Amino acid sequence: MVTAHPAETASSAGPSAHRVRTVLGDIAPARLGVCDAHDHLFLRSPQLPGQELDSAQAAADELAAFHAAGGRSVVQWTPHGMGRQAGRLPELSGAAGVHVVAATGLHQAVHYAPESLERLRAEGLAGVFVRELTEGIGNSGVRAGLIKVAGGFHGLDAHARWTMAAAAEAHRATGAPIAVHLELGTAARDVLDLLCGESNVPPHRVILGHLNRSPDLAVHREAAETGAFLAFDGPSRAHHATDWRMPDAVRSLADAGFGDRLLLGGDTTTAGARSVRGGPGMPHLLRGVRSRIELALGEGVGAELTERMLTVNAGRAFAVEW
């Protein structure tokens, strides 16, 4: 295995320095480089039959293509029980020269067998999250760098409230950021009320995903005003009516002074969407989306602000004083 970016020790980064927890160890946030803030190298769900992301070779090829496009880090939001293949991530990361951040957490209930959720209830969900953040995922020795949970369509069911309460508890124990799948971009207010209101998670430790899927500019601005990070991810689904409106939503937030709250990601969730299978894949974020955002933001500032979203903002969102 080629180790392209050896981990920094706590002493080399400073005893109180904020660091991003990658699968090869903790690094200074500035070392992330150009970051895909939400994507998947591996993913398996009964909701996506026949489209599993489970090929290590395809993952390696996708990382290589992303690196060739200028990408230097990927945050994998695949949570517990959805085929993360954590043990493969260090070798893939080192070989490609791309930092990879793994996730703990839990998705919506439909992605799991009922008996597996019962086992997690008995074990204690927050404890599972903390262990994967501090000790490692299974026997892999790979520590997660964020907690991924999910809301529902325009609301939060009992499962979402359970997982988010556990995520808040794990955050308080570790400092880890909480990344939230918003179903079709909805329920941002409910999520923030629960995590930041009821559970006292600082808003800047919350990352709201898929806001591009519900281009409600008033909700976007309200969420940004809390201090949360807003992820515009999955902007490669050309058949979605919201895709072409995403650059305008980003511009609206930037014009309102929230450019430092914005993240960009690809969110590749099916095998057919990989670039190595003829789809847009991870490289599309840099080969296609970046220029669209730069154009929307305007000449003179577009390139610089888009670069900041891909680098500085990502470092701030995922860096933790562990």
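Conventions we followed
Residues numbered from 1 in each chain as written. Predicted model: local features only at pLDDT ≥ 70, side-chain atom pairs only at ≥ 80, totals over all residues. Heavy atoms only, no water. Phe/Tyr/Trp six-rings, centres within 6.5 Å; stacked < 30°, edge-to-face > 60°. Lys NZ or Arg CZ within 6 Å of the ring centre and 35° of its normal. Helix = DSSP H or I, 4+ residues; strand = E, 2+ residues; numbered from the N terminus. Buried < 20%, exposed > 50% of the residue type's maximum accessible area, 1.4 Å probe, protein only. Contact = heavy atoms within 4.5 Å. Polar contact = N/O pair within 3.5 Å; in protein donor to acceptor, adjacent residues only side chain to side chain. Salt bridge = Lys/Arg side-chain N within 4 Å of Asp/Glu carboxyl O. Pairing = 2+ DSSP bridges. Axes fitted to C-alpha atoms, helices over the stretch in contact; angles between N-to-C directions. Lys, Arg positive; Asp, Glu negative; His and termini not counted.

**Overview of the packing of aromatic side chains**
Part 1 of the argument: This structure, assessed with the given rule, holds zero aromatic pairs.
Part 2 of the argument: One Lys or Arg, Arg 21, reaches over the ring of Trp 322 and ends 4.1 Å from the middle of that ring.
Part 3 of the argument: The positively charged end of Arg 261 is found above the aromatic ring belonging to Phe 229, 4.3 Å away from the centroid.

**Re the environment of His 159**
Part 1 of the argument: Within the secondary structure, His 159 is located in helix 6 (residues 158-174).
Part 2 of the argument: What makes His 159 buried here is its relative accessible area of 10%.
Part 3 of the argument: Separated by 116 residues in the primary sequence, His 159 and Leu 43 have C-alpha atoms spaced 21 Å apart.
Part 4 of the argument: For His 159, the contacting residues outside a window of four places in its chain are Leu 106, His 107, Gln 108, Ala 109 and Leu 117.
Part 5 of the argument: In terms of polar contacts, His 159 uses its side chain to reach the backbone carbonyl oxygen of His 107, at 2.7 Å.

**Focus on the pattern of salt bridges**
Part 1 of the argument: Across all of its chains, the model carries 14 salt bridges by this definition.
Part 2 of the argument: Arg 21 is paired through a salt bridge with Asp 26; the nearest N and O atoms lie 2.8 Å apart.
Part 3 of the argument: Classification of Arg 21 as buried rests on a relative accessible area of 6%.
Part 4 of the argument: Residue Asp 26 is classed as buried on the basis of its relative accessible area of 7%.
Part 5 of the argument: The partner of Asp 267 in a salt bridge is Arg 213, with the nearest N and O atoms 3.0 Å apart.

**Some thoughts on the environment of Ser 291**
Part 1 of the argument: With respect to the secondary-structure elements, Ser 291 resides in helix 10 (residues 284-297).
Part 2 of the argument: Relative accessible area serves as the criterion here: at 40%, Ser 291 is assigned to the partly exposed category.
Part 3 of the argument: Considered as a pair, Ser 291 and Pro 247 are 44 residues apart in the sequence and their alpha carbons are 9.9 Å apart.

**Here we look at the pairing of strand 3 (residues 35-39)**
Part 1 of the argument: When you tally the buried positions in strand 3, you get five out of five residues, the bulk of the element.
Part 2 of the argument: By the bridge criterion, three bridges tie strand 3 to strand 4 (residues 73-76) in an arrangement that is parallel. Residue pairing for strand 4: Cys 35 is matched across the bridge by Ser 73.

**Focus on the sheet that holds strand 5 (residues 99-101)**
To summarise the sheet geometry, strands pair through backbone hydrogen bonds and adopt either a parallel or an antiparallel arrangement.
Part 1 of the argument: Taking strand neighbours across the sheet as the criterion, the three strands line up as 3-4-5 in an open arrangement whose pairing is parallel. Edge positions in the sheet fall to strand 3 and strand 5, since each of these pairs with one other strand and no more. Across the sheet, the mean angle from the axis of one strand to that of its neighbour is 15°, orientation sign disregarded.
Part 2 of the argument: For strand 4 and strand 5, the ladder comprises three bridges, and the chain directions are parallel.

**Focus: the side chain of Asp 36**
Part 1 of the argument: By secondary structure assignment, the location of Asp 36 is in strand 3.
Part 2 of the argument: Of the side chains with opposite charge, Arg 274 lies nearest to the buried Asp 36, which makes no salt bridge, at 10 Å.
Part 3 of the argument: Contacts of Asp 36, omitting those with residues within four sequence positions, involve Phe 66, Ser 73, Val 74, Val 75, Leu 264, Gly 265, Gly 266, Met 282 and Leu 285.

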